[in-house]
Amino acid sequence: MTIKVGIVEDEKQIRESLMVLINGSEGFSCVHTFEDAESAIASIPTLDLDVVLMDIHLPVKDGIACVQELAVINSAVNYVMCTSFEDTDSVFRALKSGAKGYITKTTQPSKILDAIVEVYHGGSPMSSNIARKVVASFHKQQQETAEMKKLTEREKEILHLLSEGLRYKEIADKLFLSTETVRTHIRNIYEKLQVNSRTEALNKTFPK
């Protein structure tokens with residue numbers, strides 16, 4: 001069995017290093033490499049590939065958009081992000097786009113090969129630091145849910161409108177309430193969340 005791999009990476013040295021690693025390892029073959037998303041989108045659907053290592057930072061269209069487009073065309077290919085980006089926004093955008101794994105460029109060569117094998121067999125490989133970020137984000141979401149559960153549906157509605165930057169009167173007009181009723185709801189929100197301002201309430205329920 002040989003796992004057929006493609007590489008999308010704009011940095012020549014990294015691209016060639018990955019190619020040498022893959023072609024020099026038993027059971028792996030680097031079928032093709034690409035310098036940008038555009039050439040990858042044009043060619044990958046015509047190639048017999050099992051796994052594609054995809055960088056995020058590419059010259060024009062980024063790797064996340066590239067995966068999103070390719071995943072629709074051919075869902076049989078397994079895309080693994082191989083990038084220097086470690087922020088949770090990039091991780092979740094990549095996974096939502098159709099990527100099956102996410103590893104960093106600092107990953108040891110042997111671990112890169114392990115990731116290719118894992119995704120080929122149906123797994124979702126992630127660098128340990130990326131996995132920790134995903135778990136931490138999950139825990140944060142659970143905490144947010146716990147905070148929101150303290151509020152009534154009307155209070156949640158008002159809080160969402162506050163997050164959009166609306167003033168009390170604008171909220172009152174939108175919900176067909178009096179301004180004083182909105183003020184009362186907001187006081188109750190502050191009391192339940194144990195905060196003293198709009199900013200504190202939003203930071204506690206919608207942390208960045």
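Residues numbered from 1 in each chain as written. Predicted model: local features only at pLDDT ≥ 70, side-chain atom pairs only at ≥ 80, totals over all residues. Heavy atoms only, no water.

> So what about helix 8 (residues 168–175)? Which residues, and what values?
Burial in helix 8 covers these residues: I171, A172 and L175. Down the axis, helix 8 shows its buried residues gathered within 100 degrees of arc, on one side only. Opposite its buried face, helix 8 presents the exposed residues K169 and K174, each directed more than 90 degrees away. The elements touched by buried residues of helix 8 are helix 7 (153–163) and helix 9 (179–193). At the exit of helix 8 stands F176, carrying a positive phi of roughly 60 degrees. (Buried < 20%, exposed > 50% of the residue type's maximum accessible area, 1.4 Å probe, protein only. Helix = DSSP H or I, 4+ residues; strand = E, 2+ residues; numbered from the N terminus. Arc of directions from axis to C-beta. Contact = heavy atoms within 4.5 Å.)

> Before we move on, can you summarise the sheet that holds strand 3 (residues 51–54) with the specific residues and values?
Note on sheets: strands pair through backbone hydrogen bonds, and any given pair is parallel or antiparallel. With respect to topology, five strands assemble into an open sheet ordered 2-1-3-4-5, the strand pairing being parallel. Single-partner strands in this sheet number two, and they are strand 2 (28–34) and strand 5 (101–104). For this sheet, the mean inter-axis angle between neighbouring strands, taken without regard to orientation, is 25 degrees. Sheet analysis places strand 1 (residues 3–8) next to strand 2, joined by six bridges and oriented parallel. Its bridge partner lying in strand 2, I3 is registered against F28. Where helix 1 (residues 12–23) meets the sheet, its contacts fall on strand 1, strand 2 and strand 3, and the angle it forms with strand 2 comes to roughly 160 degrees. Contacts from helix 3 (residues 63–73) reach strand 3 and strand 4 (78–83), with the element oriented near 175 degrees to strand 4. (Pairing = 2+ DSSP bridges. Axes fitted to C-alpha atoms, helices over the stretch in contact; angles between N-to-C directions.)

> Tell me about the layout of surface pockets, and name the residues and values.
Space inside the second largest pocket adds up to approximately 170 Å³. Taken together, I103, T104, T106, T107, K111, D114, A115, E118, P125, M126, S127 and S128 make up the full set of residues lining the second largest pocket. Counting only elements with at least two residues in the lining of the second largest pocket, the list comes to strand 5 and helix 5 (109–120). Considering each element in turn, the lining of the second largest pocket owes the most residues, four residues, to helix 5. A breakdown of the residues in the lining of the second largest pocket according to their chemical character gives four nonpolar, five polar and three charged. (1 Å grid on protein atoms, 1.4 Å probe; cavity = no way out; pocket = protein on both sides within 12 Å on 5 of 7 lines; lining within 4 Å. Points joined across faces, edges and corners; volume = space filled by probe spheres on them. Nonpolar A, V, L, I, M, F, W, Y, C, P; charged D, E, K, R; others polar.)

> How would you sum up the pairing of strand 4? Please name residues and give values.
Side-chain positions along a regular strand alternate between the two faces of the sheet. For strand 4, a buried count of six out of six residues is recorded, marking the element as mostly surrounded by other parts of the structure. Side chains of strand 4 alternate between two faces, with N78, V80 and C82 and Y79, M81 and T83 buried alike. Across four bridges, strand 3 lies against strand 4 in parallel orientation. The residue bridging V51 from the neighbouring strand is N78, located in strand 4. For the segment spanning strand 3, helix 3 and strand 4, crossover handedness is right-handed. (Right-handed = clockwise from strand over helix to strand, strands pointing away.)

> If you had to explain the side chain of H185 to someone new, which residues and values would you point to?
Structurally, the position occupied by H185 is in helix 9. Not counting chain neighbours up to four residues away, the residues in contact with H185 comprise R154, E155, I158 and L177.

> Break down the environment of A172 for me, with residues and values.
Within the element layout of this structure, A172 appears in helix 8. It is 53 Å that separates the C-alpha atoms of A172 and P45, two residues lying 127 residues apart in sequence.

> So, helix 5: which residues are in play, and what are the values?
Along its 12 residues, helix 5 runs 17 Å from first to last C-alpha, staying within 8% of the 16 Å computed at 1.5 Å per residue. The complete set of buried residues in helix 5 reads I112, L113, A115, I116 and V119. Looking straight down helix 5, one finds that the buried residues subtend no more than 155 degrees of arc, so they occupy a single side. Contact partners of the buried residues in helix 5: strand 1, helix 1, strand 2, strand 3, strand 4 and strand 5. (Expected span 1.5 Å × (residues − 1).)

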